[in-house]
Amino acid sequence: MKKKKEKTQEESPTVLLHGHRERTRERVLKTDLSLFEECEILEALLMYSIPRKDVKLLAKQLLAEFDTLGNVLCADSEVLYQFKDVKENTVALFKIIRTANAAILRRDLVNQPILGNRSKIMDYCYSTLGREKKESFHILFLDAKLHLLLDQKMGEGTINKVALYPREIIHKALELGATSMVLIHNHPS
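In this report, the structure presented in the accompanying data block is examined. (Residues numbered from 1 in each chain as written. Predicted model: local features only at pLDDT ≥ 70, side-chain atom pairs only at ≥ 80, totals over all residues. Heavy atoms only, no water.)

### A look at the environment of Tyr81
Our working definition: Runs of H or I in DSSP of at least four residues are treated as helices and runs of E of at least two as strands, each being numbered from the N terminus. Accessible area is worked out with a 1.4 Å probe on protein chains only. A residue is then buried under 20% of its type maximum, exposed over 50%, and partly exposed in between. Throughout, a contact is declared for two residues whenever any of their heavy atoms are within 4.5 Å.
Looking at the secondary structure, you find Tyr81 in the loop between helix 5 (77-80) and helix 6 (88-110). Here Tyr81 falls in the partly exposed class, since its relative accessible area comes to 33%. Through-space distance from the C-alpha of Tyr81 to that of Val91 is 8.1 Å; in sequence the pair is 10 residues apart. Once you skip the residues sitting within four places of it in the chain, Tyr81 turns out to touch Val86, Lys87, Glu88 and Val91.

Next up, the structure:
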């Protein structure tokens, strides 16, 4: 009669997974993240929203579907939920990352004249509506020193058009005391 071989700690998938997660966490802490591939960055993010599972395959699947890390982070939640292990924690994490990115970029625009920083304006605009699925129209309201007062969505439309109401735009500008405006519009099609 053969004796069943007992699993040792080295053979246990849970221990191997824990070791992989620990090694990944150590790499994140000790390595310049700009050296990471997009798949490795996504895997590190997924580790925090999907506990106790190997997320490497999911990271690869998401990148295969959406092409870039930015597209994964900005993907529609209903599409993300179609992936087996993607739950509310992952969708929430991606939303937090998008919002934090926009807040950081917006903060860079608040304390200095906005029109002298074309690349920062473009980065901010792309982060806020570059991956929108519908046409959207925003206005950056500026004060007399050309500092950002408010980024206001003034309209959202369909895939190829958006309605604007000049009366609402002027009313908002007067309400804020804005002296200048930057009009932002995307073309998802």
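### As for the nonpolar core
The nonpolar side chains of a soluble globular protein tend to be buried, and buried together. We apply this condition: Remark: nonpolar core denotes a set of buried residues (Ala, Val, Leu, Ile, Met, Phe, Trp, Tyr, Cys) joined through side-chain atoms within 4.5 Å.
Of all hydrophobic cores here, the largest spans 20 residues; its most connected members are Leu42, Leu46, Leu62 and Leu80. If you list the elements that add at least two residues to this core, you get helix 2 (38-49), helix 3 (56-66), helix 4 (69-73) and helix 6. It is helix 3 that contributes the most residues to this core, five residues altogether. Apart from the residues within four sequence positions on either side, Leu62 is in contact with Leu42, Leu46, Asp67, Val72, Leu80 and Phe83. Ile114, Ile121, Leu140 and Leu142 belong to the second-largest nonpolar core, a separate cluster that totals 12 residues.

### Some words on a nonpolar patch on the surface
Cut-off, in case you're wondering: Residues qualify for a patch when their relative accessible area is over 30% and they have no salt bridge, like charges being joined within 9 Å and the nonpolar side chains of Val, Leu, Ile, Met, Phe, Trp and Tyr within 5 Å. Residue-level accessible areas treat just the shown protein chains as cover; the underlying method is Shrake-Rupley with a 1.4 Å probe. Salt bridges are counted wherever a side-chain nitrogen of Lys or Arg sits within 4 Å of a carboxyl oxygen of Asp or Glu.
Taken together, the side chains of Ile170, Leu174, Met181 and Leu183 make up a nonpolar region of the molecular surface, amounting to roughly 420 Å² of accessible area. Looking at the nonpolar patch, the elements with two or more residues in it are helix 8 (166-176) and strand 3 (180-185). On the secondary structure map, Leu174 appears in helix 8.

### Regarding the pattern of salt bridges
The final tally for this structure, using the stated rule, is four salt bridges. Of the charged contacts in the structure, one is a salt bridge between Arg27 and Glu40, with a shortest N-O distance of 3.1 Å. Here Arg27, found in helix 1 (residues 13-30), pairs with Glu40, found in helix 2; they are 13 residues apart in sequence, far enough to count as distant. Residue classification places Arg27 among the partly exposed positions, given a relative accessible area of 36%. By relative accessible area, which is 24% here, Glu40 ends up partly exposed.

### Some remarks on the packing of helix 2 against helix 6
Our working rule: Angles shown run from 0 to 180 degrees and are taken between the N-to-C directions of axes, each axis being a line fitted to C-alpha atoms and, for helices, limited to the stretch in contact. Throughout this description, any angle smaller than 35 degrees is read as roughly parallel, any larger than 145 degrees as roughly antiparallel, any in the 65 to 115 degree range as roughly perpendicular, and the remainder as oblique. Handedness of a helix crossing follows the sense of rotation of the near helix relative to the far helix, less than a right angle counterclockwise being left-handed and clockwise being right-handed. Here the nonpolar group is Ala, Val, Leu, Ile, Met, Phe, Trp, Tyr, Cys and Pro; Asp, Glu, Lys and Arg are the charged ones; every other residue, Gly included, is treated as polar.
Two numbers describe how helix 2 lies on helix 6: the axes approach to 9 Å, and their chain directions differ by 125°. The angle between helix 2 and helix 6 falls in the class oblique. As helix 2 packs across helix 6, the resulting crossing turns out to be right-handed. In contact with Leu42, Leu45, Leu46 and Ser49 of helix 2, helix 6 contributes Asn89, Thr90, Leu93, Phe94 and Ile97. Grouping the amino acids of the contact of helix 2 with helix 6 by side-chain chemistry returns six nonpolar, three polar and no charged.

### Thoughts on the sheet that holds strand 2 (residues 148-156)
Two modes of strand pairing occur in sheets, parallel and antiparallel, and in both the strands are linked by backbone hydrogen bonds. Operational definition: Strands are labelled as partners when DSSP assigns at least two bridges between them.
Strand order in the open sheet formed by three strands is 2-1-3, with antiparallel pairing between adjacent strands. Each of the sheet's edge strands pairs with one partner strand only, and the pair in question is strand 2 and strand 3. Strand after strand, the sheet turns through a mean of 20° between neighbouring axes, direction not considered. As paired strands, strand 1 (residues 136-142) and strand 3 are joined by six bridges and run antiparallel to one another. Bridged to Leu140 within strand 3 is Val182.

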